[in-house]
Amino acid sequence: IQNRFSHQPEIYKNFLEILQTYQRESKPIQDVYSQVTQLFREAPDLLEDFKQFLPESAAQARAAAAAK
């Protein structure tokens, strides 16, 4: 991700902040998924890769989002 956004370091920085906030504040994984989806809206391949690292509870959030 860092290499991919080397020309847009703010995206990488935002990604790290999202993950740090998730760990620090125990935010729901659905919130993380939503934020990363917005952040990677121009990079669907990265979003797909990121999904592979999400806990199973996020699969429910993805299914709900797909049903909308």
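See the structure shown above.
The text that follows walks through the structure, step by step, so that each part is easy to find. (Residues numbered from 1 in each chain as written. Predicted model: local features only at pLDDT ≥ 70, side-chain atom pairs only at ≥ 80, totals over all residues. Heavy atoms only, no water.)

**With respect to the packing of helix α2 (residues 29-39) against helix α3 (residues 44-51)**
The contact between α2 and α3 brings their axes to 10 Å, and the two run at 160°. The pairing of α2 with α3 is recorded here as roughly antiparallel in orientation. The element α2 and its partner α3 pack so that their crossing is right-handed. Between α2 and α3, the contacting residues are Val32, Tyr33, Val36 and Thr37 on the first element and Leu47, Phe50 and Lys51 on the second. Here the residues of the contact of α2 with α3 sort into five nonpolar, one polar and one charged. (Axes fitted to C-alpha atoms, helices over the stretch in contact; angles between N-to-C directions. Helix = DSSP H or I, 4+ residues; strand = E, 2+ residues; numbered from the N terminus. Parallel < 35°, antiparallel > 145°, perpendicular 65-115°, else oblique. Left-handed = near helix turned anticlockwise from the far one by under 90°. Contact = heavy atoms within 4.5 Å. Nonpolar A, V, L, I, M, F, W, Y, C, P; charged D, E, K, R; others polar.)

**Some points on the pattern of salt bridges**
The final tally for this structure, using the stated rule, is three salt bridges. A salt bridge links lysine 13 to glutamate 17; its shortest N-O distance comes to 3.9 Å. Linking lysine 13 with glutamate 17, this pair stays in helix α1 (residues 9-25), spanning four residues, or about one helical turn. Residue classification places glutamate 17 among the partly exposed positions, given a relative accessible area of 35%. In this structure, glutamate 48 and lysine 51 form a salt bridge, with 2.6 Å as the shortest nitrogen-oxygen distance. With glutamate 48 and lysine 51 both in helix α3 and three residues apart, this pair spans about one turn of that helix. (Salt bridge = Lys/Arg side-chain N within 4 Å of Asp/Glu carboxyl O. Buried < 20%, exposed > 50% of the residue type's maximum accessible area, 1.4 Å probe, protein only.)

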